[in-house]
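Letter by letter, the chains look like this.
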Amino acid sequence: MIMKNILIWYYLLILIIFNVMIFKLKDKDEYIKLGQLLKACNMVYSGAEAKINIQEGIVLLNDNICKMRGKKIYRGDKVKYKDKEVEII
C-alpha cells in the first residue's frame, strides 16, 4: 500500500513539473464530453467559447485535432488546449 501511494505521488509530481493538469472522472461516470471538460477545467469561460475553439481545431485529443464538441473523453485520454494539457484519470 505504501509503495502504491509513493508511485501515485511520483506520478503527480511528474505531471506538475510538465504542466499537466489531472481531471478525475467520478466513479460512476465512464466519460465526459469534450466541451464539458474544457469548462470543468476552467480552460474556457463558457460553452460557447468551447464550441468555437473546438470547431476551429485548436483542441487536441491524444495529439490529434478534434472538432467534435460532444466527443466522449475516457480515462487515459489527454486533451491539449493552447498551452494547457489535461490527463483524464
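Our structure is the block above this text.
Quick caveat: nothing in here was measured; it's all calculated off a predicted structure.

(A) Broad picture of the nonpolar core. Within the largest apolar cluster, 19 residues are counted, with the highest numbers of intra-cluster contacts made by Phe-23, Leu-37, Leu-38, Ile-73 and Val-79. Counting only elements with at least two residues in this core, the list comes to α2 (34-40), α3 (47-55), β3 (59-61), β6 (78-81) and β7 (84-88). Of the residues forming this core, the biggest block, three residues, is contributed by α2. Leaving out residues up to four positions away in the same chain, Ile-73 has contacts with Leu-25, Glu-30, Tyr-31, Ile-32, Lys-33, Leu-34, Leu-37, Leu-61, Val-79 and Ile-88.

(B) View of unusual backbone geometry. Not every positive phi belongs to a glycine, and Asn-62 is a case in point at roughly 50 degrees. Accessibility expressed as a relative area gives 34% for Asn-62, which makes it partly exposed. The phi torsion at Lys-82 lies on the positive side, around 55 degrees, for a residue other than glycine. Following the sequence through the fold, Lys-82 ends up in the loop between β6 and β7.

What counts and how
- For every chain, the first residue of the written sequence is number 1, and numbering continues from 1 onward in sequence order.
- Per-residue local features of the predicted model are confined to residues with pLDDT of at least 70, and side-chain atom pairs are confined, for both listing and counting, to 80 or more; whole-chain, interface and lining totals are unaffected and use all residues.
- Just so you know, side-chain values use all the structure's heavy atoms and leave hydrogens and water out.
- By convention a nonpolar core is built from buried Ala, Val, Leu, Ile, Met, Phe, Trp, Tyr and Cys residues, the set being connected through side-chain atoms within 4.5 Å.
- The buried label goes to any residue with under 20% of its type's maximum accessible area, the exposed label to any with over 50%, and the partly exposed label to all in between, with areas taken from a 1.4 Å probe on protein chains only.
- Every helix listed is a DSSP run of H or I at least four residues long, and every strand listed is a run of E at least two residues long, numbered separately from the N terminus.
- For this analysis, residues touch if any pair of their heavy atoms sits within 4.5 Å.

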